[in-house]
Amino acid sequence: MAGPLSHIRVLDLSRVLAGPWAGQLLADLGAEVIKIERPGAGDDTREWGPPYLRGADGQPTTESAYYLSCNRGKKSVAVDMASADGQRVIRDLAARSDIVLENFKVGGLKKYGLDYDSLKAVKPDLIYCSITGFGQSGPYAPRAGYDFMIQAMGGLMSLTGEPEGMPTKVGVAFADIFTGMYATVGVLAALAHRDRTGEGQHVDMALLDVQVAVLANQAMNYLTSGTPPARMGNAHPNIVPYQAFATQDGHMILAVGNDGQFKRFCAVAGRPEIAADARFATNADRVRNRAELVPLVAAMMAARTTDEWIAALEPEAVPCGPINTLDRVFADPQVRHRGMVSTLPHPTAGTVDLVSCPIKYSATPAGADTAPPLLGQHTDAVLRDLLGLDDSALASLRAAGVL
């Protein structure tokens with residue numbers, strides 16, 4: 001059975017991460033996603049390695065792990081956007097698409113005739129999503145935006161890291177990935193609007209906007225108190241005990257979310273009197289008296305191994321868990337049961353292991369059935385099928401350096 005977006009075609013003019021992440025998710029949901037790339041070079045991330053995928057001969061290919069992470073399920077069409085013939089090809093593809101994704105600088109596509117107004121003229125009901133660092137308007141709109149600087153400017157790094165240490169970024173491109181997710185939500189809602197009204201629209205996504213939006217409870221901690229939250233390491237500003245603790249043989253997470261869980265934790269630890277202490281009876285009490293409680297919990301946690309704590313706490317429904325390295329993540333029985341790795345055919349490597357789509361539908365499948373494409377892998381097939389170009393026309397475009 002086809003995915004829920006099998007009737008949708010996406011023209012993906014984006015590169016690097018935020019835009020490609022949105023395109024990949026739409027491909028996971030069944031959309032046909034046509035990725036436009038520069039002939040001979042392609043998406044910048046193709047070269048962002050090592051590591052690179054190894055071919056059937058055991059030697060590294062030209063497909064970086066970074067590129068593979070955000071381009072599954074797509075078709076690659078290599079077209080020179082800087083040429084008039086290439087621009088015409090892209091406009092013709094846009095006229096046959098439902099969604100366009102792009103992450104050029106503000107106004108950057110206008111000179112190619114590929115901006116929203118230009119493409120709206122050939123496809124009035126087009127959903128056109130622009131992803132930039134700072135949006136299409138405002139004093140920072142002309143600036144380039146990168147995930148690392150957005151994590152800093154948007155406040156995330158002020159919340160991440162040890163209190164006395166250096167502000168720290170998240171270990172993946174948090175702002176890029178969340179912007180890709182919000183962009184996907186935005187274009188799907190715009191499609192629902194188009195289905196009701198026949199009206200397309202421009203979706204304006206900014207990394208800084210998204211970073212501010214996902215500050216979540218920490219943003220509200222500031223807006224309600226007027227005091228900027230500080231870095232707390234692995235501790236939680238609103239829940240105690242909810243952090244990493246050293247055990248006899250390593251570290252683990254204890255995530256006590258309510259008073260009942262705290263009572264059960266103290267009972268398992270052999271210290272029920274701590275839960276009965278008026279200083280720690282409720283979460284509000286525990287937050288106020290964090291400095292007194294955390295050392296007591298730390299001493300209890302240090303008395304047993306991680307596995308001993310997990311074996312004792314899980315039957316009592318006290319949330320806890322190990323701090324896994326990625327080899328343990330992908331070996332975890334729950335991760336394996338949920339099918340979070342997909343092995344797909346690859347034209348040069350034979351097969352490639354990819355992270356799976358996490359969305360599980362009861363009626364329609366989600367997840368790519370093709371690997372991230374080689375550069376230009378689908379150029380001829382797409383231009384034949386969608387634009388009706390024959391061998392002679394393709395040969396002429398190739399001779400002119402357009403393809």
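Not measured: the values here are computed from a predicted model.

**Student:** How should I be thinking about the side chain of Ser76 in this particular structure?
**Tutor:** Looking at the element boundaries, Ser76 is found in strand E5 (residues 74-78). At 2.7 Å, the side chain of Ser76 forms a polar contact with the side chain of Glu37. Within the structure, Ser76 has its side chain in polar contact with the backbone oxygen of Leu374 (distance 3.5 Å). Dropping the residues within four chain positions of it, Ser76 is found in contact with Lys35, Glu37, Arg46, Pro373, Leu374, Leu375, Gly376, Gln377, His378 and Thr379.

**Student:** Would you explain a nonpolar patch on the surface in this entry?
**Tutor:** Together, Leu326, Phe330, Val341 and Val355 make up a nonpolar patch on the protein surface, roughly 350 Å² of accessible area in all. Along the chain, the position of Val355 falls in strand E13 (residues 350-355). What makes Val355 partly exposed here is its relative accessible area of 44%.

**Student:** Would you mind showing me how to read the sheet that holds strand E11 (residues 320-322) here?
**Tutor:** Strands belonging to one sheet form pairs held by backbone hydrogen bonds; the direction of such a pair is parallel or antiparallel. Spatially, the three strands line up as an open sheet ordered E9-E10-E11, and their pairing is antiparallel. The open sheet has two free edges, formed respectively by strand E9 (242-246) and E11, since each of these has just one partner strand. Taking each pair of neighbouring strands and ignoring which way they run, the sheet shows an average axis angle of 25 degrees. With five bridges connecting them, E9 and strand E10 (residues 251-255) associate as antiparallel partners. Counted as the bridge partner of Gln243 is Leu254 from E10.

**Student:** Explain the pattern of salt bridges here, please?
**Tutor:** Side chains that carry opposite charge are capable of pairing whenever their charged atoms lie near each other. This structure, assessed with the given rule, holds 18 salt bridges. For Glu37, the salt bridge is made with Arg46, and the minimal N-O distance between the two is 2.7 Å. Look at Glu37 and you get buried, because its relative accessible area is 3%. Classification of Arg46 by relative accessible area gives buried; the value is 4%. Taken together, the shared-partner salt bridges in this structure form one network comprising Arg9, Glu32 and Lys75.

**Student:** Teacher, can you tell me more about the environment of Leu26 here?
**Tutor:** Within the fold, Leu26 resides in helix H1 (residues 18-28). Distance from Leu26 to Gly107, taken between C-alpha atoms, is 25 Å for residues 81 residues apart in sequence. Beyond its immediate stretch of four places on either side in the chain, Leu26 contacts Leu5, Val10, Ala31, Val33, Ile99, Leu101, Thr184, Val187 and Leu188.

**Student:** Even after reading the chapter, I still don't get the nonpolar core, so can you show me in this structure?
**Tutor:** Taken as a class, soluble globular proteins show a tendency for nonpolar side chains to be buried jointly. In this structure, Val10, Leu26, Ile99, Leu101, Cys129 and Val187 are the most contacted members of the largest nonpolar core, which totals 31 residues. Elements with a minimum of two residues in this core: H1, strand E6 (99-102), strand E7 (127-132), helix H7 (174-197), strand E8 (201-206) and helix H8 (207-213). It is H7 that contributes the most residues to this core, six residues altogether. Counting residues in each nonpolar core, the second largest holds 28 residues, with Ile34, Ile90, Leu114 and Val382 among its members.

**Student:** Sorry, what's going on with the environment of Ser69 here?
**Tutor:** Locating Ser69 in the fold gives a position in the loop between helix H2 (65-68) and E5. Judged by its relative accessible area of 33%, Ser69 is partly exposed. Expressed as a C-alpha distance, the spacing of Ser69 and Ala219, which sit 150 residues apart in the sequence, is 30 Å. Contacts of Ser69, omitting those with residues within four sequence positions, involve Trp21 and Gln24.

**Student:** What is the right way to look at the packing of helix H3 (residues 84-94) against helix H17 (residues 379-387) in this model?
**Tutor:** Packed helices, taken two at a time, are described by their axes: the angle between them and the distance between them. Close contact between H3 and H17 brings their axes to 11 Å; oriented N to C, the two are set at 60 degrees. One element, H3, and the other, H17, form an angle in the oblique class. Considering only the axes of H3 and H17, their crossing is left-handed. Residues Val89, Asp92 and Leu93 of H3 touch H17, and the partners they reach there are Val382, Leu383, Leu386 and Leu387. Across the contact of H3 with H17, the residue classes tally to six nonpolar, no polar and one charged.

What counts, and where the lines are drawn
- Residues numbered from 1 in each chain as written.
- Predicted model: local features only at pLDDT ≥ 70, side-chain atom pairs only at ≥ 80, totals over all residues.
- Heavy atoms only, no water.
- Helix = DSSP H or I, 4+ residues; strand = E, 2+ residues; numbered from the N terminus.
- Polar contact = N/O pair within 3.5 Å; in protein donor to acceptor, adjacent residues only side chain to side chain.
- Contact = heavy atoms within 4.5 Å.
- Patch = residues over 30% accessible without salt bridge, like charges linked within 9 Å, V, L, I, M, F, W, Y side chains within 5 Å.
- Areas by Shrake-Rupley, 256 points an atom, 1.4 Å probe, with all protein chains shown as cover.
- Salt bridge = Lys/Arg side-chain N within 4 Å of Asp/Glu carboxyl O.
- Buried < 20%, exposed > 50% of the residue type's maximum accessible area, 1.4 Å probe, protein only.
- Pairing = 2+ DSSP bridges.
- Axes fitted to C-alpha atoms, helices over the stretch in contact; angles between N-to-C directions.
- Core = buried A, V, L, I, M, F, W, Y, C linked by side-chain atoms within 4.5 Å.
- Parallel < 35°, antiparallel > 145°, perpendicular 65-115°, else oblique.
- Left-handed = near helix turned anticlockwise from the far one by under 90°.
- Nonpolar A, V, L, I, M, F, W, Y, C, P; charged D, E, K, R; others polar.

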